[in-house]
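Summary of the model geometry
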Amino acid sequence: QVQLVESGGGLVQAGDSLRLSCTAFQRTFNSYAMDMGWFRQAPGKEREFVAVINWSGTTPDYADSVAGRFSISRDNAKNTVYLQMDSLKPEDTAVYYCAADRSQTVLNNKARDYDYWGQGTQVTVSS
């Protein structure tokens, strides 16, 4: 029903910035209004929550590890969610995934609560 495609990853140095984008593609137009989240997974580690934003774009939430450095936003006219990442650290290195949650009742921070996933984009931060 929904395909998510991430872009914007790359290799940067500590302190630099990146902006990730995730665009949703639908086979048929519908009125789905989903909460959108970002997760990341480093080699040998569990997938962890990064940020989420509600369907209308008014309520974001962040993991403590990125609060104050990352900012999530969305442009529903373009079916796109963004993750602005500033002051990047080597520990931010991971594959970043966007995900969509159909529930729209709470801002979930568990991967198992999300219904659609992108294939990920690599972010590498060197020191």
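Structure's up top.
The notes below deal with the structure included here. Because the structure is predicted, anything quoted here is derived from the model rather than measured.

**A few points about the sheet that holds strand β3 (residues 18-26)**
Spatially, the four strands line up as an open sheet ordered β1-β3-β8-β7, and their pairing is antiparallel. Because the sheet does not close on itself, it has two edges, and the strands there are β1 (2-7) and β7 (70-75). Each strand of the sheet is rotated relative to its neighbour by a mean of 15°, with strand direction disregarded.

**A closer look at the state of the cysteines**
The full count for this structure, using the stated rule, is one disulfide. Disulfide pairing is shown between C22 and C98; the S-S distance is 1.9 Å. Note on the C22 and C98 pair: the S-S dihedral is about 50°, so by sign convention the disulfide is right-handed. Here C22, found in strand β3, pairs with C98, found in strand β9 (residues 94-101); they are 76 residues apart in sequence, far enough to count as distant.

**Focus: the pairing of β3**
Across six bridges, β1 lies against β3 in antiparallel orientation. When the bridges of β3 are listed, V5 appears paired with T23.

**Considerations on the pattern of salt bridges**
Applying the stated rule across the entire model yields four salt bridges. With a closest N to O distance of 2.6 Å, R40 and E48 form a salt bridge. Through salt bridges with shared partners, a single network forms among R40, E48, R69 and D92.

**Regarding unusual backbone geometry**
Notably, N79 is not glycine yet its phi reads approximately 55°, a positive angle. Here N79 shows up in the loop between β7 and β8 (80-85). With relative accessibility at 42%, the residue N79 sits in the partly exposed group. For S87, which is not a glycine, the phi torsion comes out positive at approximately 50°. Tracing the sequence through the fold places S87 in the loop between β8 and β9. For S87, a relative accessible area of 40% translates into the label partly exposed.

**A look at the environment of T58**
Looking at where T58 falls in the secondary structure, it is placed in the loop between β5 (48-53) and β6 (60-62). A C-alpha to C-alpha distance of 29 Å links T58 and E46, two positions 12 residues apart in sequence. Reaching out from T58, the side chain makes a polar contact with the side chain of T59 at a distance of 3.5 Å.

**Thoughts on the side chain of N54**
Relative to the assigned elements, N54 resides in the loop between β5 and β6. Taking relative accessible area as the criterion, N54 reaches 12% and is therefore assigned buried. With residues up to four places along the chain from it excluded, the contact list for N54 reads D35, T59, R74 and L107.

Here is what the cut-offs are and how they apply
- Residues numbered from 1 in each chain as written.
- Predicted model: local features only at pLDDT ≥ 70, side-chain atom pairs only at ≥ 80, totals over all residues.
- Heavy atoms only, no water.
- Pairing = 2+ DSSP bridges.
- Helix = DSSP H or I, 4+ residues; strand = E, 2+ residues; numbered from the N terminus.
- Axes fitted to C-alpha atoms, helices over the stretch in contact; angles between N-to-C directions.
- Disulfide = S-S within 2.5 Å.
- Salt bridge = Lys/Arg side-chain N within 4 Å of Asp/Glu carboxyl O.
- Buried < 20%, exposed > 50% of the residue type's maximum accessible area, 1.4 Å probe, protein only.
- Polar contact = N/O pair within 3.5 Å; in protein donor to acceptor, adjacent residues only side chain to side chain.
- Contact = heavy atoms within 4.5 Å.

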